[in-house]
Amino acid sequence: GDLAVISMHVGVALACAVAGFGLARLWRPRSSFTQPDLASGGDAPMSAWLTVLTVSVAGGLGSVARVWFIRREEAVRASGKIASKFPWGMSIANTLSCFIFGLFTGGFADQAWAVPVLAGFCGGFSTIASVATAMVSAAREKDWLRSVAILAAILALAVPASYLGLLIGKALFL
């Protein structure tokens, strides 16, 4: 059930954190993980370890949030309230992620904590793999209309959500 899926995502996030710690030490100098210094108006620099840890935890939280939306969609479908096979939960999660990404890019991109939100939470919350899998599954069922609708919905919802978030972020925080 939900607990198994959540446990799997937390486990993957922890494995990514451990792998990320090693990669951060091997391939990246500490300075490449830092944000602008206080003199430029940004937050204090974040160490490589703290960046990897916060991105990993935020990514795990984003993944759990995405699974929650998908599971709620499945529950509503099982109750008979919606009959459509369209992946509404995934679409809502991807659209919200794009809006959040635009908002933070527009208003907080120079802050050290924006990296965990953008790369971590939004990266875990949205996924092109889910979109591609849903499209391929629909095509394998020869449901061409649903396959095209999934792509169209992502483009019609996610791109404007990103733009709206960017505009709001710039207007409110810059």
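Nothing here was measured: the structure is a model prediction, and the numbers come from that model.

What's the story with the overall build of the protein chain in this structure? I'm lost.
Along its length, the protein chain carries 6 helices and 0 strands. If you list the helices and strands of the protein chain from N to C, you get α-α-α-α-α-α. Long-range contacts, defined as pairs at least 24 residues apart, comprise 70% of the intrachain contacts of the protein chain with a sequence gap of at least 6. Put simply, the protein chain shows about 9,900 Å² of open surface, and 74% of that area lies on carbon and sulfur atoms.

Quick question: what am I supposed to make of the packing of aromatic side chains here?
Two descriptors summarise a pair of aromatic rings, namely the distance from one centre to the other and the angle between the planes of the rings. This model, assessed by the stated rule, comprises 4 aromatic pairs. On the basis of an interplanar angle of 50° and a centroid distance of 5.7 Å, the ring pair of Phe69 and Phe125 is categorised as tilted. Placement of Phe69 in helix α2 (residues 48–78) and of Phe125 in helix α4 (residues 114–125) is noted, with a sequence separation of 56 residues between them. With relative accessibility at 21%, the residue Phe69 sits in the partly exposed group. Through pairs of rings, three or more aromatic residues link up here, namely Trp68, Phe69, Phe121 and Phe125.

Can you walk me through the pattern of salt bridges in this structure?
Pairing between side chains becomes possible if they bear opposite charge and their charged atoms approach one another. Overall, the coordinates contain 5 salt bridges when judged by the stated rule. In this structure, Asp143 engages Arg146 in a salt bridge whose closest nitrogen and oxygen atoms are separated by 3.0 Å. Note on Arg146: relative accessible area 13%, which makes it buried.

Just checking my understanding: could you explain α2 for this structure?
Quick reminder: α-helices carry 3.6 residues per turn. Residues three or four places apart thus point the same way. Look at α2: 45 Å from first C-alpha to last across 31 residues, which is about the 45 Å you get at 1.5 Å a residue. Along α2, the residues classified as buried are Ala48, Thr51, Val52, Ser56, Ala58, Gly59, Gly60, Gly62, Ser63, Arg66, Val67 and Glu73. Following α2 by one or two positions, Gly80 has its phi on the positive side, about 90°.

It is not clear to me how the nonpolar core should be interpreted in this structure. Could you clarify?
Where a protein is soluble and globular, its nonpolar side chains tend to be buried together. Membership of the largest hydrophobic core is limited to 11 residues, which are Phe86, Met90, Cys98, Val131, Ala134, Met135, Ile150, Ala153, Ile154, Ala158 and Ala161. Within the residue set of this core, elements represented by two or more residues are α3 (88–107), α5 (128–140) and α6 (144–173). Considering each element in turn, this core owes the most residues, 5 residues, to α6. Counting 6 residues, the second-largest nonpolar core is a separate cluster that includes Phe104, Phe108, Ala114 and Val117.

Any chance you could explain the side chain of Ser147 here in plain terms?
Assignment of secondary structure puts Ser147 in helix α6. Judged by its relative accessible area of 10%, Ser147 is buried. Residues within four places of Ser147 in sequence aside, it is in contact with Met135, Ala138 and Ala139.

Would you take a moment to explain the packing of α3 against α4 for this structure?
Between two packed helices, both the angle of their axes relative to each other and the distance between the axes serve to describe the pair. In the contact formed by α3 and α4, the axes pass within 9 Å of each other and the chain directions differ by 170°. Comparing the axis directions of α3 and α4 gives the class roughly antiparallel. From α3, Ala93, Asn94, Leu96, Ser97, Ile100, Phe101, Phe104 and Thr105 reach across to α4, where they touch Val117, Leu118, Phe121, Cys122 and Phe125.

Would you explain the confidence of the model for the protein chain in this entry?
Detailed conclusions should not be drawn from predicted coordinates in areas where pLDDT is low. The share of residues in the protein chain with pLDDT of 70 or more is 72%, and the mean pLDDT across the chain is 76. Helix α1 (residues 2–27) is the least confidently modelled element of the protein chain, averaging 48 in pLDDT, while α2 averages 89, the highest of any element.

Help me understand α4 in this model?
Those residues of α4 not exposed but buried are Ala114, Pro116, Val117, Leu118, Gly120, Cys122, Gly124 and Phe125. In this structure, the buried residues of α4 make contact with α2 and α3.

Looking at this structure, how should I read the packing of α5 against α6?
At a minimum axis separation of 7 Å, α5 and α6 run at an interaxial angle of 160°. Here α5 lies roughly antiparallel to α6, going by the angle between them. By crossing handedness, the relation of α5 to α6 is classed as left-handed. Contacts between α5 and α6 involve Val131, Ala134, Met135, Ala138 and Ala139 on the former and, on the latter, Trp144, Arg146, Ser147, Ile150, Leu151 and Ile154. Split by residue class, the contact of α5 with α6 holds 9 nonpolar, 1 polar and 1 charged.

Each value, and the rule that gives it
Residues numbered from 1 in each chain as written. Predicted model: local features only at pLDDT ≥ 70, side-chain atom pairs only at ≥ 80, totals over all residues. Heavy atoms only, no water. Helix = DSSP H or I, 4+ residues; strand = E, 2+ residues; numbered from the N terminus. Contact = heavy atoms within 4.5 Å. Areas by Shrake-Rupley, 256 points an atom, 1.4 Å probe, with all protein chains shown as cover. Phe/Tyr/Trp six-rings, centres within 6.5 Å; stacked < 30°, edge-to-face > 60°. Buried < 20%, exposed > 50% of the residue type's maximum accessible area, 1.4 Å probe, protein only. Salt bridge = Lys/Arg side-chain N within 4 Å of Asp/Glu carboxyl O. Expected span 1.5 Å × (residues − 1). Core = buried A, V, L, I, M, F, W, Y, C linked by side-chain atoms within 4.5 Å. Axes fitted to C-alpha atoms, helices over the stretch in contact; angles between N-to-C directions. Parallel < 35°, antiparallel > 145°, perpendicular 65-115°, else oblique. pLDDT = per-residue confidence, 0-100. Left-handed = near helix turned anticlockwise from the far one by under 90°. Nonpolar A, V, L, I, M, F, W, Y, C, P; charged D, E, K, R; others polar.

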